[in-house]
Amino acid sequence: MAQQVERAFKYRFHPTGEQAAELSRTFGCVRLVYNKALEERTRAWYGEQRRISYVQSSAALTQWKKTQELAFLAEVSSVPLQQALRHLQTAFGNFFAKRAKYPRYKSRKKSRASAEYTRSAFTWREGKLTLAKMTQPLDIRWSRPLPEGGEPTTVTVSRDSAGRWFVSLLCEDGIAPAPATANAVGIDAGLTCLVTLSTGEKVTNPEHERRDRARLTRAQRALSRKEKGSADREKARRKAARAHARIADRRRDFLHKLTTRLVRENQTVVIEDLAVRNMVKNHGLARAIGDASWTELRSMLEYKCAWYGRELVVINRWFPSSKLCGACGTVAAKMPLNVREWTCECGAVHDRDVNAARNILAAGPAASACGDGVRPQRESSRTGRSSMKQETRRATAGIPRL
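Rules behind the numbers
Residues numbered from 1 in each chain as written. Predicted model: local features only at pLDDT ≥ 70, side-chain atom pairs only at ≥ 80, totals over all residues. Heavy atoms only, no water. UniProt positions renumbered as here; feature names shortened; annotations may be inferred. Helix = DSSP H or I, 4+ residues; strand = E, 2+ residues; numbered from the N terminus. Core = buried A, V, L, I, M, F, W, Y, C linked by side-chain atoms within 4.5 Å. Buried < 20%, exposed > 50% of the residue type's maximum accessible area, 1.4 Å probe, protein only. Contact = heavy atoms within 4.5 Å. Phe/Tyr/Trp six-rings, centres within 6.5 Å; stacked < 30°, edge-to-face > 60°. Lys NZ or Arg CZ within 6 Å of the ring centre and 35° of its normal. Salt bridge = Lys/Arg side-chain N within 4 Å of Asp/Glu carboxyl O.

A.B. asks: How do you make sense of the UniProt feature "domain: Transposase putative helix-turn-helix" (unreviewed entry) in the protein when you look at a structure like this?
C.D. replies: As annotated in UniProt, the feature "domain: Transposase putative helix-turn-helix" (unreviewed entry) corresponds to residues 5–48 in the numbering used here. Helix and strand shares over residues 5–48 are 73% and 20% respectively, and the end C-alpha atoms of the span are 43 Å apart.

A.B. asks: Explain the nonpolar core here, please?
C.D. replies: Generally speaking, a soluble globular protein has its nonpolar side chains buried in company with each other. Judged by nonpolar contacts, the single largest core of 43 residues is most densely connected at Leu 129, Leu 131 and Val 157. Ranked by residues supplied to this core, first place goes to helix H1 (residues 17–48) with nine residues. When sequence neighbours within four positions are dropped, the list of residues in contact with Val 157 reads Phe 13, Leu 23, Phe 27, Ala 113, Ser 114, Ala 115, Tyr 117, Leu 131, Trp 165, Phe 166 and Val 167. One finds Val 185, Val 203, Leu 255 and Leu 301 within the second-largest nonpolar core, a separate group that totals 20 residues.

A.B. asks: Please explain the packing of aromatic side chains as it appears in this structure.
C.D. replies: When we look at a pair of aromatic rings, we describe it by the centre distance and by the angle of the planes. Enumeration over the complete set of coordinates arrives at twelve aromatic pairs. Clustering of aromatic rings is evident, with ring pairs tying together Trp 45, Tyr 46, Phe 92, Phe 95, Phe 96 and Tyr 102. Just above the ring of Phe 96 sits the side chain of Arg 51; from NZ or CZ to the centre is 3.7 Å. Geometry around Tyr 34 places Lys 106 over its ring, the cationic atom sitting 4.5 Å from the centre.

A.B. asks: Please explain the UniProt feature "domain: Cas12f1-like TNB" (unreviewed entry) in the protein as it appears in this structure.
C.D. replies: Summarizing the sequence annotation, UniProt attributes the feature "domain: Cas12f1-like TNB" (unreviewed entry) to residues 294–360 in the numbering used throughout. Within the segment residues 294–360, helix and strand shares are 34% and 16% respectively, and the terminal C-alpha atoms sit 16 Å apart.

A.B. asks: Explain the pattern of salt bridges to me, please; I cannot follow it from the model alone.
C.D. replies: Two side chains that carry opposite charge are able to pair once their charged atoms sit near each other. According to the stated counting rule, one finds 27 salt bridges in the structure shown. One salt bridge connects Arg 164 with Asp 160, and the closest N-O pair in it is separated by 2.7 Å. Across the pair Arg 250 and Asp 212 runs a salt bridge, and its minimum N-O distance is 3.1 Å. With a gap of 38 residues between them, Arg 250 in helix H6 (residues 231–265) and Asp 212 in the loop between helix H4 (208–211) and helix H5 (213–225) connect regions that are remote in the sequence. Here Asp 212 falls in the buried class, since its relative accessible area comes to 9%. One network of salt bridges, in which partners are shared, links Asp 160, Arg 164, Asp 249, Arg 252 and Glu 296.

This is how it looks when you write it as structure tokens:
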């Protein structure tokens, strides 16, 4: 039976000059309201140890519109401004729950320009979308159809740094579970090979950023030569932004195709909990790790497994998948990154990545049963072997050797 989920459908659109001007004003007002409300909350908290709620911020917004200095806020739709206050409320809720850092101010140059409209601020008729304060519908390029009978509940309009306009429509969509299968796969993420599967398959890293590095370098050098504030600098900035956007689009498209195939072919997907934020502190590998985009890969696997009735198992990051012999369960003392093939003392010869993927798959049932990752026990000083060796040998007994 299909499950109903809220799904966003993103499209490009080409605004008229009037629409572009209206949306640009709205983006500026949204950013101003967010920053001003954040400033008031910060002053109240650090100066008076007092919290300001969304209701109080909303009432303050009404008063701001009545002042001569901020009267222009009344010229744009009030819904995106209210949504900005709701987003700020959510950000503070995450901060006080220790799920995120303290909210930051939105920068005009670095922050994403966007505005969110709810049902009361747009009209949807016969497949045409008209936003508040506008007389004409948006010229949307329908690259794929919306769900049958689906009507958007929320509309988010955005403009990226390359000057492209997008509209995201949040709709109710029915997603049928994928046909059940007995297949399970372990995934080891890497740099040379983006992922190595427990089946022995290796998916080569397309290295989108490296392939376009020459074009990106030329664009950034040209940008650095332009005078700040000039029209030529803005043109050069757009060109560099388009180079970045090309890389991001190709990377996202590749990850979507890869994760969709993995979820459709396997009932259970087992991955490692990688500490990407800590790994990018290695400046020698940070660029390659960013290009691999492991965090986005995991995010796609998470929501696609939830959609299609698959199980995603995440094992603990400290599980020694690369150092563990899949034949006898011995844990090697060291495994430098330059070692791609190694021989265990039992005589088994392992491809580093394939062996790691198979160990990850073998550890999946234990992680799934206890609801947490698998941590290696303290090693014995006499033998240098893990005390979990016997359990691991049982778990990996059925895995074919290379």
